[in-house]
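# What the coordinates show
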Amino acid sequence: MTADRRLKSFNRIVVKIGSALLVGEGVLKRTWLDAMISDIVHLSEAGAEVLIVSSGSIALGRGVLGLPKGPLKLEESQAAAAAGQIALAQAYADALGAHGKKAGQILLTLGDTEERRRYLNARATIGTLLKMGAVPIINENDSVATSEIRYGDNDRLAARVATMASADCLVLLSDIDGLYTAPPHQDPNAVFLPEVPRITPEIESMAGSAGSELSRGGMKTKIDAGKIATAAGTTMVITSGKELNPLKRLDEGARGTWFSALSSPASARKAWIGGHLEPRGEIMLDDGALRALKSGKSLLPAGVLSVSGSFSRGDAVVLVDPSGRTIGRGLIAYDNDEARLIAGRNSREIEAIVGYPGRAEMIHRDDLVLDDAFLNGTG
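Computed from a prediction, not measured in an experiment: that's the story for all the values here.

The rules behind the values
Residues numbered from 1 in each chain as written. Predicted model: local features only at pLDDT ≥ 70, side-chain atom pairs only at ≥ 80, totals over all residues. Heavy atoms only, no water. Buried < 20%, exposed > 50% of the residue type's maximum accessible area, 1.4 Å probe, protein only. Helix = DSSP H or I, 4+ residues; strand = E, 2+ residues; numbered from the N terminus. Pairing = 2+ DSSP bridges. Axes fitted to C-alpha atoms, helices over the stretch in contact; angles between N-to-C directions. Contact = heavy atoms within 4.5 Å. Core = buried A, V, L, I, M, F, W, Y, C linked by side-chain atoms within 4.5 Å.

## A word on the pairing of strand S15 (residues 316-320)
Here S15 lies mainly inside the structure; five of its five residues are buried. The two faces of S15 match: Ala-316, Val-318 and Val-320 on one face and Val-317 and Leu-319 on the other face are all buried. As paired elements, strand S13 (residues 281-285) and S15 share four bridges and run parallel to each other. What sits directly across from Ile-283, in S15, is Leu-319. Where S15 folds back onto strand S16 (residues 326-331) in an antiparallel hairpin, the turn is made up of five residues, including Gly-324, whose phi is positive at roughly 95°.

## So, the sheet that holds strand S14 (residues 304-309)
Reading across the sheet, the five strands line up as S14-S13-S15-S16-S17 and stay open at both edges, with mixed pairing between neighbours. Each end of this open sheet is capped by a strand with a single partner; those strands are S14 and strand S17 (368-370). Sheet twist, expressed as the average angle between the axes of neighbouring strands with direction ignored, equals 20°. Helix H12 (residues 287-294) contacts S13, S15, S16 and S17 of the sheet and is inclined by roughly 100° relative to S13.

## Overview of the nonpolar core
Membership of the largest hydrophobic core comes to 43 residues, with the highest contact counts inside it found for Val-14, Ile-126, Val-161, Leu-170 and Leu-179. Listed by contribution, the elements that provide at least two residues to this core are strand S4 (49-54), strand S5 (103-108), helix H6 (116-131), helix H7 (154-164), strand S7 (169-174), helix H9 (219-231) and strand S11 (235-240). Apart from residues lying up to four places away in sequence, Ile-126 is in contact with Leu-51, Ile-106, Pro-136, Ile-138, Val-161, Met-164 and Ala-165. Residues Leu-21, Leu-43, Tyr-92 and Val-171 belong to the second largest nonpolar core, which totals 35 residues.

Written as structure tokens, this is what we have:
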């Protein structure tokens, strides 16, 4: 196995765990969970930040509420999720706590990753938890989600979370050890693919539908997740989670299919901000702010001379110097009326001005894209 195909070589890793791996007959597989958490703690001690996207709340809630086998009505699924999520969160907290680690639960709906304002809020929460050394445990909020407003599977949710968190690796733990040219349980001549440099229509055609009673996702959803992740600069791997210590086993050479990222997470995000979002406003900066941005810092309100346009938090805005020359763009952390109120003011004054303790930065450096001419002093 090459060095770049070891999990320890990645900085931020999202691990997706399916229901069938974690829950059996409505009961949590504690031995499996404890072994998997020990793998995650080992990665953390080696310097990686790890997030978990975990299915299992509905499957676990079935057991908690004593629901029968077979399809559930929507309201029954939501009730099972509500009951199961408590047990699931406690199980993760206990397993991580045994290693001196903290867990932080985040429940997402489709809008949290599709609407920019909510996207930025969720991204900030994830970043803060990681900064504090906690392990985010993320799941779809199945207790309120309906078929119209849900992901429908945690493979795609995990890919969206990896994009949101700027993760450089996404691990999909599955009941199969990777991608084959055909479903291996149906075709004895199916060939295993260890590497997928790019997801082509031919690769997509290899994905069969699958899933146990507890699992919504099949190989198709994993390929869909791969398209989302690799386009955002995240390397993805599909590997079996059936055995104990699946992450350790992967690092030691266990079979898995690796999907190559098309760029880095940072460059993919910068390209999205710089070229795919229509700007809604303009922010004029003073010379001090220009110097701060050029040195890699965030934009603080104190360096803003004027604000124009009609925009909401999370929208893209153009940044200009005092002469009106465009020097970049970014995602604004305030609505236009609030941005006007705090322009030129110290960050410590924000709460008194807008009535709540807002973010110190008007635009965080991770949400900024600066023109090369400005950075190089040639424009």
